[in-house]
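For reference, the chains in residue letters:
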Amino acid sequence: MDYSPSIIDITNEPMNTIFKTAFRHIRSNKVYSVINIAGLAVGIAVCMVIFIIIQFQTSFDNFHAKKDRIYRVLTEYHRTESANTSYGKDLPFPMPVGLQTSFPQIEQVAPIFASHDDQVLIVDNNGNTEKDFKEQQGVFYAGPSFFKIFNFPLLAGSYASLKDPNNVMLTRAIAEKYFGHWKTAIGKTIKLQMGGFMFEHGTEVLKVSGILATIPANTDFQLKVVVAYGTGFTGNYLAKSTDWDGTVSDFGCYILLPPNTSPDNFNQQLKAYSRKTESPANKNSHIIQALGAVHYDTQVGDYSNKTISRQLLNVLWLIAGFILLIACVNFVNLSTAQAVNRAKEVGVRKVLGSSKSQLQIQFIVETFLIIISAVVLAAVITTLTLPSVSRLLELSLSFNLFNNPAIILFLIAVTLIVTALAGFYPSVVLSRFNPVNALKSKLTSNTQGISLRRGLVVFQFIIAQALIIGTLIIVRQMDYFMNQPLGFDKEAIVNVPFRTDSVRLSRMDYLKKQLLSLNGVQAVSYSSNTPVEDANDTWNTFRFDNAIKETDFKAIVKFADDGYVPAYKLQLVAGRNLQPSEMTREFLVNESLVKSLGLKKPEDILGKEISVWNDNIKCTVVGVLKDFNDRSFRNDLAPLLVTTDVVMYNQATVKLATTNMSSTMESVKQIFDKTFPDFVYDYKFLDEKIGSFYKQENQLAALYKIFAAIAIFLSCLGLYGLASFMAVQRIKEVGIRKVLGASAGNIVYLFSKEFIILIAIAFVIATPIAWYYMHQWLQDYAYRINISWWLFATGGLAAIIIALATISFQAVKAAMANPVRSLRSE
């Protein structure tokens, strides 16, 4: 019989035959195929989720037509006691006018003030309140120049209407929230009561002059209400101020430079302008920052509080790459481990005329089919998990293949890269087999292949253990943040924001008495700020002890009544507390301010005079507070001034008893509603506010926990596959050992020993890597933990326990098998 036709068929196999053969092999090896597809699907899904996160984060404010010419003006702080330079988005109040006057080449200058905790009243034609709302964020004061710089589409009205004070523009969503339908909002009247700011101002009556389209999620300007700059406080104070030393964190400025302007040259001019305009004692200067850098500047921040560092985005890319590599390593390990089982198939194909290249194509196609299946499953996993990730990170993430071509390109790239990474080496190994030895069953796993698989297992667990250790350190740092003594009492303290006007000023004493009459209320205080703030403090230079020049550093200024110190249990190290007063009368300072002035003892500052705001506030120091953490743990302690002034108070602090808190809070609400009927009652517990300072860190800690769990899962998936393969390959060896008297424990030890050694090697390598990168991460915080040895030991031990649990099933199964069955064929 002539076999030449079949030889021709083998050597010239059509692609459909190759695909059929590949599919048949995948179906006949269900366990290994499921392990490979599941592992690759999870790895690709993680990559896809991270890609979507990074794509969203890198798209912020990219939609503005002139984005390459838009810059933010920053203050560059220089403090004599510190060699470091820091930056802030807060500016001297006259800066926008100064830029327009002194730099005529600037195309547009846009001052912007972000308000918060504002109360909005919807009134009828007679001025009566119909509805009221509380806007914690999203209220901005800006002029037409802002919209000449940035592209936020308008549905109705005109940007030019913001030239006139008391005009306001609403976004479509807010207009529908206030009036039911956005088209009916034009021409309507609202009343705005600004909150969260330390200057007396009345209720602003505003006319709706425009409706903005829905604001994209990927912008740092999450506009809701845009009030004409020049209205109320911004017109009466900010636009007219000549104080170059006072700054507020929510007041900033953006500019539009002409095409082909060098930012470096402009910065030199701006610094020279700063030296000329500001007082000689003020060593600070100003620079510009490109719009493209704003979202990644975690030190300065933005108006959305959603900045993210480029370093963190790079870390996410690394995690995605490493997890995908772990999945590829699983595939390579299992494919090469099964090489002996496929030896006869390779031998037959070679005898029938298949070349190495044809065999390699066959195995690459098998890999491609597995990866295509994994990509489809990964898309399903991504679709199911992305909403949860969006909620966790509070981001507007979406997975839409048709509206986002970048995702399609990403999946194609991943498919090709993973096919190359996972398919190339196994195809080379399998196609190398000698057909004679293969058909005589003389092939075994060679030493080189075993060494490679061991190296790949070590690589997997280096990544997994580094992620586990890193996650443990992040969680430990978060626990440190939440449990570290702050220097004041934060337990059971409620802050109720409000704004002062002539009516409320007259009722504040009554409100305080009513609150203190409740059994569950232990203390009540009025203030401008809580002891700790993340961005809402006001900074000022000052003159000390009748000095001619002001200090070369700034201090935080807080306004509080005499109940502030006892309510928060602040400690005095010298002098006494503030006396009751409705006006600025005397100062409390902290130890950091005393040290910044170069004084040796707290008592040395008592009785000395400090003047702030061009001598508008001039008081004697009567007490020194023990230092407490006035900002998040990212920052060092700052110099602090505290004085009374009833018109500056914008929140009430209520210290509660820890029993029956819910009923007490209901009584507190009733008293506020009765005392201030037009007031939108809102509150926040102080410990929750402090926790919000570290929201991003907590979100990332949760994300890292998930990534560490996935890395361990994938590594253990590969271990399980290898352990299963070893149990089959060593079945006769186990039988002989049992016949010679080996116990079940000896057999389990035989299987486990090699993997424990490999994981231990991975631990030795992962430990210094994890220590280095986590040490670098901790440097971003002024207050941080010491990295203890037990964190590394815990991570290593967890990896060993999880790995043992993974391989134990196969090890015990092999140990309990009847040796007669495995040796019957010998």
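For the structure itself, consult the block above.
Residues numbered from 1 in each chain as written. Predicted model: local features only at pLDDT ≥ 70, side-chain atom pairs only at ≥ 80, totals over all residues. Heavy atoms only, no water.

Peer 1: Got a minute to help me understand the overall build of the protein in this structure?
Peer 2: Helix and strand content of the protein: 26 helices and 27 strands. Counting contacts in the protein only where the partners sit at least 6 residues apart, residues at least 24 apart contribute 80% of the total. For the protein, the exposed surface amounts to about 36,100 Å²; the carbon and sulfur share of it is 57%. (Helix = DSSP H or I, 4+ residues; strand = E, 2+ residues; numbered from the N terminus. Contact = heavy atoms within 4.5 Å. Areas by Shrake-Rupley, 256 points an atom, 1.4 Å probe, with all protein chains shown as cover.)

Peer 1: Is there a simple way to think about the nonpolar core in this case?
Peer 2: Soluble globular proteins tend to pack their nonpolar side chains together in the buried interior. Grouped together as the largest cluster of nonpolar side chains are 120 residues, with contacts concentrated most on Leu40, Phe461, Phe488 and Phe707. In terms of residue count, helix α3 (residues 30-57) provides more of this core than any other element does, 16 residues in total. Non-local contacts of Phe488, meaning those with residues more than four positions away in its chain, are made with Pro531, Val532, Tyr568, Lys569, Leu570, Phe628, Asn629, Leu686 and Ile690. One finds Leu518, Phe542, Ala574 and Phe587 within the second-largest nonpolar core, a separate group that totals 45 residues. (Core = buried A, V, L, I, M, F, W, Y, C linked by side-chain atoms within 4.5 Å. Buried < 20%, exposed > 50% of the residue type's maximum accessible area, 1.4 Å probe, protein only.)

Peer 1: Help me understand a positive patch on the surface in this model?
Peer 2: Taken together, Lys20, Arg24, Arg27 and Lys30 make up a surface patch of like positive charges. At three residues, helix α2 (residues 15-28) tops the list of elements feeding residues into the positive patch. Tracing the chain through its elements places Lys20 in helix α2. You can call Lys20 exposed: its relative accessible area is 54%. (Patch = residues over 30% accessible without salt bridge, like charges linked within 9 Å, V, L, I, M, F, W, Y side chains within 5 Å. Salt bridge = Lys/Arg side-chain N within 4 Å of Asp/Glu carboxyl O. Lys, Arg positive; Asp, Glu negative; His and termini not counted. Charge placed at Lys NZ, Arg CZ, Asp CG, Glu CD.)

Peer 1: How should the sheet that holds strand β26 (residues 651-656) be read in this particular structure?
Peer 2: Strands in a sheet are paired, the pairing made by backbone hydrogen bonds, and the direction either parallel or antiparallel. Across the sheet, which stays open at both edges, the four strands sit in the order β17-β26-β16-β27 with antiparallel pairing between neighbours. Pairing within the sheet leaves two strands with one partner each, and these edge strands are β17 (521-527) and β27 (684-685). Direction of pairing for strand β16 (residues 493-497) relative to β26: antiparallel, over a ladder of five bridges. When the bridges of β26 are listed, Ile493 appears paired with Lys655. This element, helix α20 (residues 661-675), spans β16, β17, β26 and β27 of the sheet and lies at about 150° to β26. (Pairing = 2+ DSSP bridges. Axes fitted to C-alpha atoms, helices over the stretch in contact; angles between N-to-C directions.)

Peer 1: Just checking my understanding: could you explain the packing of aromatic side chains for this structure?
Peer 2: Geometrically, a pair of aromatic rings is defined through the distance of the ring centres and the angle of the planes. Across all of its chains, the model carries 29 aromatic pairs by this definition. Their ring planes at 40° and their centres at 4.8 Å tell us that Phe146 and Phe150 sit as a pair that is tilted. For Phe146, a relative accessible area of 1% translates into the label buried. The class for Phe150 is buried, based on a relative accessible area of 1%. Between Tyr564 and Tyr568 the ring centres are 5.0 Å apart and the planes differ by 65°, which places this aromatic pair in the edge-to-face class. On the criterion of helical spacing, the pair formed by Tyr564 and Tyr568 is a turn pair, its members being four residues apart in helix α18 (residues 564-568). A single burial state applies to Tyr564 and to Tyr568, both of which are buried. Three or more aromatic residues joined by ring pairs form one cluster here, namely Phe63, Phe146, Phe147, Phe150, Phe152, Tyr159, Phe221 and Tyr254. Note that Arg310 overlies the ring of Tyr296, its terminal NZ or CZ placed 3.8 Å from the centroid. (Phe/Tyr/Trp six-rings, centres within 6.5 Å; stacked < 30°, edge-to-face > 60°. Lys NZ or Arg CZ within 6 Å of the ring centre and 35° of its normal.)

Peer 1: In this structure, what is going on with the side chain of Thr643? I would like to understand it.
Peer 2: Looking at where Thr643 falls in the secondary structure, it is placed in strand β25 (residues 640-643). A distance of 2.9 Å separates a polar side-chain atom of Thr643 from the backbone oxygen of Glu586. (Polar contact = N/O pair within 3.5 Å; in protein donor to acceptor, adjacent residues only side chain to side chain.)

Peer 1: Help me understand the environment of Leu223 in this model?
Peer 2: Mapped onto the secondary structure, Leu223 falls in the loop between β11 (204-212) and β12 (225-228). In this structure, the C-alpha to C-alpha distance between Leu223 and Leu212, residues 11 residues apart in sequence, is 9.0 Å. Beyond its immediate chain neighbours, meaning those up to four positions away, Leu223 contacts Gly138, Phe140, Phe146, Phe147, Phe152, Thr171, Leu212 and Ile215.

Peer 1: Explanation requested: the environment of Phe633 in the structure shown.
Peer 2: Mapped onto the fold, Phe633 is located in the loop between β24 (617-625) and β25. For Phe633, a relative accessible area of 1% translates into the label buried. It is 5.9 Å that separates the C-alpha atoms of Phe633 and Ala782, two residues lying 149 residues apart in sequence. Leave out the neighbours within four places in its chain, and Phe633 touches Phe481, Gln484, Leu486, Tyr694, Tyr781, Ala782 and Tyr783.

Peer 1: Any chance you could explain the pattern of salt bridges here in plain terms?
Peer 2: Between side chains of opposite charge, a pair can form when the charged atoms approach closely. A complete count under the given rule lists 15 salt bridges for this structure. Among the ionic pairs, Glu491 bridges to Lys490, the shortest N-O distance being 3.2 Å. The structure contains a network of salt bridges with shared partners spanning Glu135, Lys177 and Lys224.

Peer 1: Explanation requested: helix α6 (residues 172-179) in the structure shown.
Peer 2: Listed as buried for α6 are Ile174, Ala175, Tyr178 and Phe179. The buried residues of α6 occupy one face: seen down the axis, they fall within an arc of 105°. Taken together, the buried residues of α6 touch β5 (118-123), β6 (129-135), β9 (167-171), β10 (189-193), β11 and β12. (Arc of directions from axis to C-beta.)

Peer 1: Looking at this structure, I do not really get helix α8 (residues 263-277). What am I missing?
Peer 2: Taking 1.5 Å of rise per residue, 15 residues should cover 21 Å, and α8 covers 21 Å from first to last C-alpha, within 8% of that figure. What α8 keeps buried is the set Phe266, Asn267, Leu270, Tyr273 and Ser274. Looking down the long axis of α8, one finds its buried residues gathered within 120° of arc, a one-sided arrangement. Opposite the packed face of α8, turned more than 90 degrees from it, sit the exposed residues Asp264, Gln268, Arg275 and Lys276. (Expected span 1.5 Å × (residues − 1).)

Peer 1: How should I be thinking about unusual backbone geometry in this particular structure?
Peer 2: Across residues other than glycine, the phi torsion is negative in most instances, and most of the peptide bonds are trans. Residue Glu394 is not a glycine yet carries a positive backbone phi of 55°. The phi torsion at Lys569 lies on the positive side, around 55°, for a residue other than glycine. Secondary-structure assignment places Lys569 in the loop between α18 and β21 (572-575).

Peer 1: Is there a simple way to think about the packing of helix α17 (residues 508-516) against α20 in this case?
Peer 2: Helix packing geometry: the angle between the two helix axes and the distance between the axes. Look at α17 against α20: their axes get within 10 Å of each other, and the N-to-C directions meet at 160°. Viewed along their axes, α17 and α20 adopt a mutual orientation that is roughly antiparallel. As α17 packs across α20, the resulting crossing turns out to be right-handed. Residue-level contacts link Tyr510, Leu511, Gln514 and Leu515 of α17 to Val668, Ile671, Phe672, Lys674 and Thr675 of α20. In terms of residue class, the contact of α17 with α20 is made up of six nonpolar, two polar and one charged. (Parallel < 35°, antiparallel > 145°, perpendicular 65-115°, else oblique. Left-handed = near helix turned anticlockwise from the far one by under 90°. Nonpolar A, V, L, I, M, F, W, Y, C, P; charged D, E, K, R; others polar.)

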